[in-house]
Amino acid sequence: MKITLNRINDDYLFECTNSLGNKILLDNTSQSEGTKGVSPMETILMAVAGCSGIDMVSILKKQRQEITGFKAEVEGERIEVDEAKPFKTIMVKFFVDGNIDPKKAERAAALSFEKYCSVSKTMEPNVTVNYEVFVNGEKVGE
């Protein structure tokens, strides 16, 4: 796996390209004017959502669940460590719609974070990832 990063303006805007030619823009979002990309820390939250989302959809499809909508919201809490501000905790909320067994949706999320999601596994044990699952607007579990 390899990406390239190229600076594309006189400030902090970078274009990242993967081996297939797909691109994202990174920028210094602490600058108030003209940001055109996402911050590197936001890409981590996006990666958690994408990785676990792929897992959940894959598991639910294998279980023949009918997914008509899927969304995730991710929030990260950061702490100061020397001059850096890494994530301490990440909360992922999954919103799944369709003809779906709530227990299967909850189990799919658990499997993702316990077994399959390489992104969240990469951050262990330094970052705690928590999650909640909502099926057709109703919170599952607890």
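Not measured: the values here are computed from a predicted model.

*Asks:* Summarise the sheet that holds strand β5 (residues 87-99); cite the residues concerned and give the values.
*Replies:* With mixed pairing, the 4 strands of this open sheet are ordered in space as β4-β5-β6-β7. Of all the strands in the sheet, just β4 (66-78) and β7 (138-139) have a single pairing partner and so form its edges. Where β4 meets β5, 12 bridges bridge the pair, whose relative direction is antiparallel. Each residue of the ladder has a partner; that of Ala72, found in β5, is Phe94. Against the sheet, helix α1 (residues 40-62) contacts β4 and β5, and its axis sits at roughly 150 degrees relative to β4. Against the sheet, helix α2 (residues 102-116) engages β5 and β6 (128-135), with an angle of about 160 degrees to β6.

*Asks:* How would you summarise the environment of Lys61 if you had to cite specific residues and measurements?
*Replies:* Relative to the helices and strands, Lys61 is located in helix α1. Owing to a relative accessible area of 58%, Lys61 belongs among the exposed residues under this scheme. For Lys61 and Pro125, which are 64 residues apart along the polypeptide, the C-alpha to C-alpha distance reads 30 Å.

*Asks:* For unusual backbone geometry, give the residues involved together with the corresponding values.
*Replies:* In this model, Glu124 is joined to Pro125 through a cis peptide bond whose omega is -5 degrees. With phi around 60 degrees, Arg64 is a residue other than glycine that occupies positive phi space. Along the chain, Arg64 turns up in the loop between α1 and β4. Positive phi is not limited to glycine here, since Asp82 has a value of about 55 degrees. In this fold, Asp82 is placed in the loop between β4 and β5.

*Asks:* So what's going on with the pairing of strand β1 (residues 3-7)? Residues and values would help.
*Replies:* Where β1 and strand β2 (residues 14-18) come together, 5 bridges link them in antiparallel fashion. Directly across from Leu5, in β2, lies its bridge partner Cys16. Hairpin connection between β1 and β2: a loop of 6 residues separates the two successive antiparallel strands.

*Asks:* If you had to explain the packing of aromatic side chains to someone new, which residues and values would you point to?
*Replies:* For the structure on display, the rule yields 4 aromatic pairs. On the numbers, 6.1 Å between centres and 40 degrees between planes, the contact of Phe94 with Phe113 is tilted. Of this pair, Phe94 sits in strand β5 while Phe113 sits in helix α2; the two residues are 19 residues apart in sequence, bridging distant segments of the chain. You'll find Phe94 and Phe113 in the same group, each marked buried. Ring geometry for Phe113 versus Tyr131: centroids 5.3 Å apart, planes at 20 degrees, classification stacked. In this pair, Phe113 is assigned in helix α2 and Tyr131 in strand β6, connecting sequence segments 18 residues apart. With a relative accessible area of 29%, Tyr131 lands in the partly exposed category. Through a chain of ring-to-ring contacts, the aromatic side chains of Phe70, Phe94, Phe113 and Tyr131 assemble into a single cluster.

*Asks:* Lay out the packing of α1 against α2 in plain terms, naming residues and giving numbers.
*Replies:* Close contact between α1 and α2 brings their axes to 9 Å; oriented N to C, the two are set at 130 degrees. Considering the angle they form, α1 stands oblique to α2. Crossing of α1 against α2: the hand is right-handed. Each of Val48, Ser52, Asp55, Met56, Ile59 and Leu60 in α1 lies in contact with α2, whose residues at this interface are Lys104, Ala105, Ala108, Ala109, Leu111, Ser112, Phe113 and Tyr116. Residues belonging to the contact of α1 with α2 are distributed by class as follows: 10 nonpolar, 2 polar and 2 charged.

Criteria and thresholds
Residues numbered from 1 in each chain as written. Predicted model: local features only at pLDDT ≥ 70, side-chain atom pairs only at ≥ 80, totals over all residues. Heavy atoms only, no water. Pairing = 2+ DSSP bridges. Helix = DSSP H or I, 4+ residues; strand = E, 2+ residues; numbered from the N terminus. Contact = heavy atoms within 4.5 Å. Axes fitted to C-alpha atoms, helices over the stretch in contact; angles between N-to-C directions. Buried < 20%, exposed > 50% of the residue type's maximum accessible area, 1.4 Å probe, protein only. Phe/Tyr/Trp six-rings, centres within 6.5 Å; stacked < 30°, edge-to-face > 60°. Parallel < 35°, antiparallel > 145°, perpendicular 65-115°, else oblique. Left-handed = near helix turned anticlockwise from the far one by under 90°. Nonpolar A, V, L, I, M, F, W, Y, C, P; charged D, E, K, R; others polar.

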